Amino acid sequence: MVQCCVPSCNNRNDINKTISYYRFPLDENEKRRWLKLIRRKDFTPNYNSRVCGWHFPHGKAAGPTRFAWNEGKAFPHISQPTKRQKKMLLATVEDEGGAEPGPSHLGTAQKTPSSSSVLVLEIENEMLRKENDKLKKELEKQKQTFSFSQISSHPDIVNYYTGLPDAATILFLETLLSKFDLQYHFDWNVQKMPLIDQLLLTLMKLRLNCGLVDLSVRFNCCRATVTNIFITISSALYDILYVGMMENKIPSRFKNQTSLPHCFQPFPNCRIVLDCTEVAVSNTESLDTQSHLYSHYKGGTTLKALIGVAPNGFITFASDLYGGSTSDKAITADCGVLQQLEAGDMVMADKGFTIRDILPAGVSLNIPTFLVNGQFTMEEINHNRLIASARVHVERSIQRLKTFHILSYIPYQYKKHANKILKVCVSLTNLQTPILREIA
């Protein structure tokens, strides 16, 4: 005689011969799961121990799930079946086709096939609902806490985070990037973050110099992904905006005259206004390198670049970065700006630019007058005043460039990308609203 070993179940094969009886599985983990389900954890089943088929409403693969203590509940406590178990469940219902016997202590009433199918569907619906809730929670975790859509309708917020005037400008950059063949820095593509948000992340790094942890939390990604996106997108912007639109393309003095502001009317032949700017960098270098980078003017290790600005306030030239100890004259001679000047051009600069002897033939230099005899003449005073009133707008352009706070300090890991970072910031500065209203 074979009897079911589930508590309160009196089914045995000599009374109810229509029920199958299942041995305990050989796998120890599965065996312990069965014992837990039938509430006999301390029971040690042997070769003759059986569990009757009434406790397996959807087949042996899912294990015993129906018992006297949960019979009648809407959704009995069952473990989540796998996809394979779900298929076996449906196959079991189709194969049964007849009445479903119950334990003898519940009486001889038997369920019809339709009621069994309804129970199976109810169980499956509950499992699908739980799975759906789980997927929703996972999706919520994957959502970014910050995205372009959150700020796109607020120009002042767009400007704060990106340095650009409005959402239309950012969408314009996204259009350019979408047509560019992006080659990701780490050789693996970023797929879960939209391109517009990758662009936003890059602009926020340039504008606010947010830390890697900050950006990784805001955009729900790891720090390696932040670095991968930033270097990739900034390199693409460099190729599109600077190399494609600015490199070796200083506007001629004749083109400058079409948008010459009032303060530059005394200097109609001015082609470019030159000045240098410095960027702080990490000093984790050898002593020889540190001495090359050390700037006495800034009192620290810096990189230095020559910036050229047109009379209308737009930046038209940016050199590569040099060590902070390099003189303005040495940078001007080496960076390539002089090769773009033509006879008849005039260069305006600060009095520190003693570059008259290295200018091409026919190119003039206009700098403030040096004090020689202890007192400026009236002519020198007027000359210096005119230069100062013109150069103040150029200085404002360079100040705008410095609002991209990554130029306040470039971390060590981005030092080899510093030239591209500087020139991207130059290009983005030119996308801002013009400094002079008469130019706008």
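Cut-off values and rules
Residues numbered from 1 in each chain as written. Predicted model: local features only at pLDDT ≥ 70, side-chain atom pairs only at ≥ 80, totals over all residues. Heavy atoms only, no water. UniProt positions renumbered as here; feature names shortened; annotations may be inferred. Core = buried A, V, L, I, M, F, W, Y, C linked by side-chain atoms within 4.5 Å. Buried < 20%, exposed > 50% of the residue type's maximum accessible area, 1.4 Å probe, protein only. Helix = DSSP H or I, 4+ residues; strand = E, 2+ residues; numbered from the N terminus. Contact = heavy atoms within 4.5 Å. Arc of directions from axis to C-beta. Expected span 1.5 Å × (residues − 1). Bend = angle between axes of the 7 residues up to and from the residue. Phe/Tyr/Trp six-rings, centres within 6.5 Å; stacked < 30°, edge-to-face > 60°. pLDDT = per-residue confidence, 0-100. Salt bridge = Lys/Arg side-chain N within 4 Å of Asp/Glu carboxyl O. Pairing = 2+ DSSP bridges.

Under an unreviewed UniProt entry, the protein has the name THAP-type domain-containing protein and belongs to Neogobius melanostomus. Database annotation for the protein, UniProt heading Cofactor (unreviewed entry): "a divalent metal cation".

Draft legend 1. Expanded view of the nonpolar core. In terms of nonpolar packing, the biggest core is built from 72 residues, with L206, F219, F264, M348 and L428 touching the most fellow members. A per-element tally of this core places helix 9 (residues 223-243) first, with 11 residues. If we ignore the near neighbours within four places in the chain, the residues touching M348 are F264, F267, C270, I272, V273, L274, N366, I387, A390 and R391. Residues I272, F317, F353 and L359 belong to the second largest nonpolar core, which totals 20 residues.

Draft legend 2. Spotlight on helix 5 (residues 155-162). Every buried residue of helix 5 is listed here: V158, Y161 and T162. Mapping the buried residues of helix 5 onto a view down its axis gives an arc of 80 degrees, with all of them on the same face. Structurally, helix 5 contributes buried residues whose contacts are with helix 4 (148-151), helix 6 (167-178), helix 7 (195-208) and helix 8 (212-218). Residue G163 follows helix 5 closely and has a positive phi angle near 80 degrees.

Draft legend 3. The arrangement of helix 13 (residues 378-401) in detail. Spanning 24 residues, helix 13 covers 35 Å between terminal C-alpha atoms, matching the ideal 34 Å at 1.5 Å per step. Helix geometry: helix 13 is bent most strongly at R391, by close to 30 degrees. Turning to helix 13, its buried residues number three or more, namely N384, I387, A390, R391, H393, V394, S397, I398 and L401. Check the buried side of helix 13 and you find it contacts strand 3 (270-281), strand 5 (300-309), strand 6 (315-318), strand 8 (346-349), strand 9 (364-366) and helix 14 (418-429).

Draft legend 4. Quick peek at the packing of aromatic side chains. Following the criterion strictly, the structure yields 11 aromatic pairs and no others. For the ring pair Y22 and F56, a centre distance of 4.8 Å and an interplane angle of 75 degrees mean the geometry is edge-to-face. Taken together, the residues Y22 in strand 1 (residues 21-23) and F56 in the loop between strand 2 (50-52) and helix 2 (83-96) connect sequence positions 34 residues apart. With a centroid separation of 6.0 Å and an interplanar angle of 10 degrees, the aromatic rings of Y238 and Y242 are classed as stacked. Here Y242 and Y238 lie together in helix 9, a separation of 4 residues that amounts to about one turn. Considered together, Y238 and Y242 belong to a single accessibility category, that of buried residues.

Draft legend 5. Structural view of the confidence of the model for the protein. Per-residue confidence for the protein gives a mean pLDDT of 84, with 85% of residues at or over 70. Throughout residues 74-79 the model reports pLDDT below 50, and contacts reaching past four residues in sequence, or to other chains, amount to 13 contacts. Every residue in residues 96-102 scores below 50 in pLDDT, and together they form 20 contacts with partners more than four places removed in sequence or on other chains.

Draft legend 6. View of the pattern of salt bridges. Tallied over the full model, the rule gives 14 salt bridges. Linking R12 and D14 is a salt bridge whose minimum nitrogen-to-oxygen distance equals 2.8 Å. In this structure, R271 and D345 form a salt bridge, with 2.6 Å as the shortest nitrogen-oxygen distance. Of this pair, R271 sits in strand 3 while D345 sits in the loop between helix 12 (328-334) and strand 8; the two residues are 74 residues apart in sequence, bridging distant segments of the chain. Assessed through its relative accessible area of 5%, R271 is described here as buried.

Draft legend 7. Structural context of unusual backbone geometry. The backbone of D187 shows a phi angle near 65 degrees, a positive value even though the residue is not glycine. Look at D187 and you get exposed, because its relative accessible area is 75%. A positive phi angle is found at N220, which is not glycine, with a value near 55 degrees. Relative to the helices and strands, N220 is located in the loop between helix 8 and helix 9. For N220, a relative accessible area of 24% puts it in the partly exposed group.

Draft legend 8. Broad picture of the pairing of strand 5. Judged by how many residues are buried, strand 5 sits mostly within the fold: 10 of 10 residues are covered. The turn joining strand 4 (residues 294-295) and strand 5, which pair antiparallel and follow one another in sequence, is formed by 4 residues; a positive phi near 70 degrees is taken by G299. Pairing between strand 5 and strand 6: 3 bridges, direction antiparallel. If you follow V309 over to strand 6, its bridge partner there is I315. Count of turn residues in the strand 5/strand 6 antiparallel hairpin: 5 residues, of which G313 carries a positive phi of about 100 degrees.

Draft legend 9. Up close: the pairing of strand 8. Side chains of strand 8 alternate between two faces, with M346 and M348 and V347 and A349 buried alike. Sheet topology places strand 3 next to strand 8; 4 bridges connect them, and they run parallel. For V273, the partnering residue across the bridge sits in strand 8 and is M348. Pairing between strand 8 and strand 9: 3 bridges, direction parallel. In the sheet register, M348 faces strand 9, and the bridge partner there is N366.

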